[in-house]
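Commentary on secondary and tertiary structure
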Amino acid sequence: MRILVLPGDGIGPEITEATLAVLHQADRTLGLGLTFEQQDIGLASLKASGSTLPPAVMARVPQVDGVILGPVSHYEYPPRSEGGINPSAELRTAFELYANIRPCRARPDLTILRKRMDLVIVRENTEGFYADRNMLSGPAEFMPDADSAFAIRKITARASSRVARAAFELAQRRRRKVTAVHKANVLKLTDGLFLREVRKVAAEFPDVALDEVIVDAAAALLIRQPDRFDVIVTTNMFGDILSDEASELSGSLGLGGSINVGEQVCVAQAQHGSAPDIAGQGIANPTSLILSAAMLLAWRGRRDGKARLLTAAERIEAAVEQVLGDPRARTADLAGEASTEAFGRAVAAAVASQP
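Now for a description of the structure that goes with this document. The shown structure was predicted, so the numbers you read here are calculated from the model rather than taken from an experiment. (Residues numbered from 1 in each chain as written. Predicted model: local features only at pLDDT ≥ 70, side-chain atom pairs only at ≥ 80, totals over all residues. Heavy atoms only, no water.)

This part takes up the overall build of the protein. Check the secondary structure of the protein and you find eleven helices and twelve strands. Relative to the 2.2 N^0.38 estimate, which gives 20 Å for 355 residues, the radius of gyration of the protein is 20 Å and therefore close to what a compact globule would have. C-alpha extents for the protein along the principal axes are approximately 55 × 50 × 40 Å. Split into buried and exposed, the 355 residues of the protein put 57% on the buried side. Relative to all contacts within the protein whose residues are 6 or more apart in sequence, the contacts with residues 24 or more apart total 74%. Surface summary for the protein: the accessible area is close to 15,100 Å², and the carbon and sulfur share equals 53%. Computed over 40 positive and 43 negative side-chain charges, the separation of the two mean positions in the protein equals 6 Å. (Helix = DSSP H or I, 4+ residues; strand = E, 2+ residues; numbered from the N terminus. Rg over C-alpha atoms; globule rule 2.2 N^0.38 Å. Buried < 20%, exposed > 50% of the residue type's maximum accessible area, 1.4 Å probe, protein only. Contact = heavy atoms within 4.5 Å. Areas by Shrake-Rupley, 256 points an atom, 1.4 Å probe, with all protein chains shown as cover. Lys, Arg positive; Asp, Glu negative; His and termini not counted. Charge placed at Lys NZ, Arg CZ, Asp CG, Glu CD.)

Right under this line is the structure:
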């Protein structure tokens, strides 16, 4: 399995290094045949070649078997005309990575929740209210005068249907329930279209229950009744906000894995940002990117029918849980003592020691 590694900005290189330590150990232990190719993006490539996302990187993405993308500081980038391209958004739109899959599971001594949380949020990834990715040409925000600003929300039947199908297929491997989160009481046309397509797909999965919840209520229910959710499917911005909420409720935004999936390409990406304020200090929590990499292995394993990749993903996830179970082995954001590197080494060792 050929993996393209894009460390990114801020803490990206540090958590990527820890993640690669885990993957190298999984490769040695299970004979996965992993190979890694690393290329610069973000501020490093902007300085070196004048672009935060060089054409050579984009050309390489469909040629490999998976991508690991570190966090990026896109808010520090210059305009697109000066080489400032948001790698995350560009990869999602260029390769139609229509489903952002984010599991959230509460850890007993880290969560503030009283009830069990074990859910997955499947977020539409290519349109919605995100002005940098829902138009063919130019941004979807504009100012007709100095005191008015407008944003366009784009919802299509195709994108809604694709993300719904991803959610229902995932639910079949879990507890067989999908909750569609929306705001159709206000956004009657756009969320009405989204719900229409979700219901169409639901009819093809009679063994999976469909629930529909308004986004306001969903945000509250994640706190009060998190155990009612199995798989949540929703539009781009709602999914972004709810998945961050769920991750924080589970213990920390740094604990949630995430992959961006299309028909042919999968990009593993930490849920959190680049945290430039702690970059270089060796204290960042690499859990999110490690778990994202495990999800990438599982995606490839299911796609290609390779049981070893699925086993590796399970081992990595179990190793992370084992290390997180020791309060001293956690990173500083979880009141632990471990450095980024030490946490990665501990997870790698746990991978190696599992029967």
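Having put the structure on the table, let's press on.
A separate point is the packing of helix α1 (residues 12-30) against helix α10 (residues 307-324). For any two helices packed against each other, the geometry is given by the interaxial angle and the distance between the axes. Close contact between α1 and α10 brings their axes to 10 Å; oriented N to C, the two are set at 130°. In terms of orientation, α1 lies oblique with respect to α10. Between α1 and α10 lies a crossing of right-handed hand. Residues Val22, Leu23, Ala26, Thr29 and Leu30 of α1 pack against Arg308, Thr311, Ala312, Arg315 and Ile316 of α10. Class assignment of the residues belonging to the contact of α1 with α10 gives a composition of six nonpolar, two polar and two charged. (Axes fitted to C-alpha atoms, helices over the stretch in contact; angles between N-to-C directions. Parallel < 35°, antiparallel > 145°, perpendicular 65-115°, else oblique. Left-handed = near helix turned anticlockwise from the far one by under 90°. Nonpolar A, V, L, I, M, F, W, Y, C, P; charged D, E, K, R; others polar.)

Turning our attention to the sheet that holds strand β3 (residues 66-69). Here ten strands make up an open sheet; going across it, the order is β2-β1-β3-β12-β11-β4-β5-β10-β8-β9 and the pairing mixed. Of all the strands in the sheet, the pair left with one neighbour each is β2 (35-38) and β9 (209-214). Strand-to-strand twist of the sheet, defined as the mean angle between neighbouring strand axes without regard to direction, takes the value 25°. Relative to β3, strand β1 (residues 2-6) runs parallel, the two sharing four bridges. Pairing of Leu6 across the sheet is with Leu69, part of β3. (Pairing = 2+ DSSP bridges.)

On to the nonpolar core. One finds Val122, Leu297, Ile316 and Val347 to be the most contacted residues of the largest nonpolar core, which totals 71 residues. If one sorts the elements of this core by residue count, helix α9 (residues 287-304) sits on top with ten residues. Apart from the residues within four sequence positions on either side, Val347 is in contact with Val22, Ile290, Ala319, Val320 and Val323. Residues Cys104, Ala106, Val213 and Ala218 belong to the second largest nonpolar core, which totals 18 residues. (Core = buried A, V, L, I, M, F, W, Y, C linked by side-chain atoms within 4.5 Å.)

Our next topic: the side chain of Ser258. With respect to the element layout, Ser258 can be found in the loop between α8 (236-250) and β11 (259-261). Among the polar contacts made by the side chain of Ser258, one reaches the side chain of Asn100 at a distance of 2.9 Å. Once residues lying within four places of it in the same chain are set aside, the contact partners of Ser258 are Asn100, Ile101, Arg102, Val267, Ala268, Gln269, Gln271, Ser292 and Met295. (Polar contact = N/O pair within 3.5 Å; in protein donor to acceptor, adjacent residues only side chain to side chain.)

Attention now moves to the pairing of strand β7 (residues 148-151). The two faces of a sheet get side chains in turn, since along a regular strand they alternate between them. Where strand β6 (residues 141-145) meets β7, three bridges bridge the pair, whose relative direction is antiparallel. Bridge pairing in β7 links Glu141 to Ala151. The hairpin turn running from β6 into β7, its antiparallel successor, is two residues long.

Before going further, it helps to spend a moment on the environment of Leu91. Tracing the backbone through its elements, the reader meets Leu91 in helix α4 (residues 87-94). Measuring from C-alpha to C-alpha, the distance between Leu91 and Ala270 comes to 15 Å, with 179 residues separating the pair along the chain. When near neighbours in sequence (up to four residues on either side) are disregarded, Leu91 contacts Met58, Val61, Leu69, Glu96 and Leu97.

Judged by side-chain polarity, Met135, Phe142, Phe150 and Ile152 come together as a nonpolar surface patch covering roughly 360 Å² of accessible area. Judged by its relative accessible area of 42%, Phe142 falls in the partly exposed class. (Patch = residues over 30% accessible without salt bridge, like charges linked within 9 Å, V, L, I, M, F, W, Y side chains within 5 Å. Salt bridge = Lys/Arg side-chain N within 4 Å of Asp/Glu carboxyl O.)

This part is about the packing of aromatic side chains. Scanning all chains against the criterion turns up two aromatic pairs. Where Phe142 meets Phe150, the ring centres are 5.5 Å apart and the plane angle is 15°; that geometry is what we call stacked. On the basis of relative accessible area, Phe150 is assigned to the partly exposed category, the value being 43%. Across from the ring centre of Tyr130, 5.5 Å away, lies the NZ or CZ of Arg123, which sits over that ring. Between the NZ or CZ atom of Arg228 and the centre of the ring of Phe229, over which it lies, the distance is 5.7 Å. (Phe/Tyr/Trp six-rings, centres within 6.5 Å; stacked < 30°, edge-to-face > 60°. Lys NZ or Arg CZ within 6 Å of the ring centre and 35° of its normal.)

What follows deals with the state of the cysteines. Applying the stated criterion to the full structure yields zero disulfides. Cysteine Cys104 shares no disulfide, and the gap to the nearest cysteine sulfur, in Cys266, comes to 17 Å. Looking at Cys104, the relative accessible area reads 2%, which means it is buried. What makes Cys266 buried here is its relative accessible area of 1%. (Disulfide = S-S within 2.5 Å.)

Right, let's talk about unusual backbone geometry for a bit. Positive phi outside glycine occurs at Glu96, with the angle close to 50°. Topologically, Glu96 is positioned in the loop between α4 and β4 (99-105). In this structure, Ala335 is a non-glycine residue whose phi angle is positive, near 65°. Inspection of the secondary structure assignment puts Ala335 in the loop between α10 and α11 (340-353). Given a relative accessible area of 71%, Ala335 falls into the exposed group.

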